[in-house]
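Structural overview for review
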Amino acid sequence: MVQIHIGPIRAQKGGELPLHFKENWSDIKRDGQHLGFVGLVEFSGKIGWTGESFLLRGRAEAEIEVECARCLKPNTIKIQSDILEEFLQTEHEVEHELLSEELEDADEWADEDVQWFSGSTIDLGEVVLENLLLAVPIKPLCSQDCPGLCPKCGHDLQQGDCGCEIEDINPGMEILRTLLDSD
Ligand SMILES: [Zn+2]
Ligand SMILES: [Zn+2]
């Protein structure tokens, strides 16, 4: 992951340091599953010290392999995310845990858009990853007009007509597919 030393940033109170990195996350897994990053993940932005917290701003871009929601073929799409994250330092890990316990509503705590860190480095990798994963479409398509698979025989309709009686052009089917796609 991407570790940033906070010393040089803090030395520039109110100032900002430009930040660029490229990471190879093609092997990265979550819950035992590959996330499908293709090529390099690129981040471009800056990090600044406000006097109280560290602010990360920038844009992350990546290519990711996903399955088309209609024809199930793998295809590579480009995703990007504008990132704005605030990091607050705790002196010790323990202190952070105590702070959390003091808050009655744990959900409220989780909603707060602040990243806590301890020690002299901030790991930017995790927040960049989280932001990028939010940018992955829930129903990715290989193309906007992908005809999908024949509902009868499973034939890939992009390869041509399979001859089944259910016609793709049938307006009834079109409505049905829209309904299926929008669930
Ligand atoms: Zn498709
Ligand atoms: Zn068919």
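Going by the structure above, here's the rest.
Thresholds, definitions, all that
Residues numbered from 1 in each chain as written. Chains lettered and ligands numbered in written order. Predicted model: local features only at pLDDT ≥ 70, side-chain atom pairs only at ≥ 80, totals over all residues. Heavy atoms only, no water. Helix = DSSP H or I, 4+ residues; strand = E, 2+ residues; numbered from the N terminus. Contact = heavy atoms within 4.5 Å. Areas by Shrake-Rupley, 256 points an atom, 1.4 Å probe, with all protein chains shown as cover. Donors = N, O, S within 2.8 Å, 3.2 Å for Na, K, Ca; no water. Tetrahedral: all angles 85-135°; square planar, octahedral: opposite > 155°, others 65-115°. Buried < 20%, exposed > 50% of the residue type's maximum accessible area, 1.4 Å probe, protein only. Polar contact = N/O pair within 3.5 Å; in protein donor to acceptor, adjacent residues only side chain to side chain. Pairing = 2+ DSSP bridges. Axes fitted to C-alpha atoms, helices over the stretch in contact; angles between N-to-C directions. Phe/Tyr/Trp six-rings, centres within 6.5 Å; stacked < 30°, edge-to-face > 60°.

1. A closer look at the overall build of the protein chain
In terms of regular secondary structure, the protein chain is built from 5 helices and 9 strands. Along the chain direction, N to C, the helices and strands of the protein chain fall in the order β-α-β-β-β-β-β-β-α-α-β-β-α-α. Residue pairs at least 24 apart in sequence account for 61% of intrachain contacts in the protein chain once pairs closer than 6 positions are excluded. Only carbon and sulfur atoms are counted for the fraction: they give 50% of the accessible area of the protein chain, which is about 11600 Å².

2. Some points on the coordination of the zinc ion (ligand 1)
Taken together, the protein donors to the zinc ion (ligand 1) comprise Cys-68 (SG), Cys-71 (SG), Cys-142 (SG) and Cys-146 (SG), at separations of 2.2 to 2.4 Å. Around the zinc ion (ligand 1), the 4 donor atoms are arranged such that angles at the metal cover 101 to 114°; this shape is classified as tetrahedral. Read in sequence order, the donor residues for the zinc ion (ligand 1) give the motif C-x2-C-x70-C-x3-C. Of the two residues, Cys-68 sits in the loop between strand E6 (54-67) and strand E7 (74-90) while Cys-142 sits in the loop between helix H4 (125-134) and helix H5 (171-181), which places them 74 residues apart along the sequence. In this structure Cys-68 comes out as buried when scored by relative accessible area, which is 1%. Looking at Cys-142, the relative accessible area reads 30%, which means it is partly exposed.

3. With respect to the coordination of the zinc ion (ligand 2)
Here the zinc ion (ligand 2) is held by Cys-150 (SG), Cys-153 (SG), Cys-162 (SG) and Cys-164 (SG), and the distances to it run 2.2 to 2.3 Å. Read N to C, the donor residues that coordinate the zinc ion (ligand 2) are spaced as C-x2-C-x8-C-x1-C. Separated by 11 residues along the polypeptide, Cys-153 in the loop between H4 and H5 and Cys-164 in the loop between H4 and H5 bring together distant segments of the chain. Cys-153 sits in the partly exposed class, given a relative accessible area of 46%.

4. Some details on the environment of His-155
Looking at where His-155 falls in the secondary structure, it is placed in the loop between H4 and H5. Sequence separation of His-155 and Cys-71 is 84 residues, and the distance between their C-alpha atoms is 9.1 Å. Apart from the residues within four sequence positions on either side, His-155 is in contact with Gly-148, Leu-149, Cys-150, Gly-160, Asp-161 and Cys-162. A polar contact of 3.0 Å, which involves the side chain of His-155, links it to the backbone oxygen of Gly-160.

5. Things to note about unusual backbone geometry
Positive phi, normally seen in glycine, also occurs at Asp-31, with a value near 50°. You can see Asp-31 is positioned in the loop between strand E3 (29-30) and strand E4 (33-34).

6. Quick notes on the sheet that holds E6
In spatial order, the strands read E2-E5-E6-E7-E8; together these 5 strands make up an open sheet with mixed pairing. Taken across any chain shown, the strands that pair with only one partner, and hence form the sheet edges, are strand E2 (16-24) and strand E8 (114-118). Across the sheet, the axes of successive neighbouring strands diverge by a mean angle of 30°, strand direction being ignored. In the sheet, E7 pairs with E8 via 5 bridges, with the strands oriented parallel.

7. Considering the packing of aromatic side chains
The final tally for this structure, using the stated rule, is 4 aromatic pairs. Judged by centre distance (5.9 Å) and plane angle (70°), the ring pair of Trp-25 and Phe-37 falls under edge-to-face. Pair noted here: Trp-25 is in the loop between E2 and E3 and Phe-37 is in strand E5 (residues 37-49), with a separation of 12 residues, a long-range link. In this pair, the class of Trp-25 matches that of Phe-37, namely buried. Their ring planes at 35° and their centres at 4.5 Å tell us that Trp-49 and Phe-54 sit as a pair that is tilted.

These values are about where atoms sit, not about what they do.
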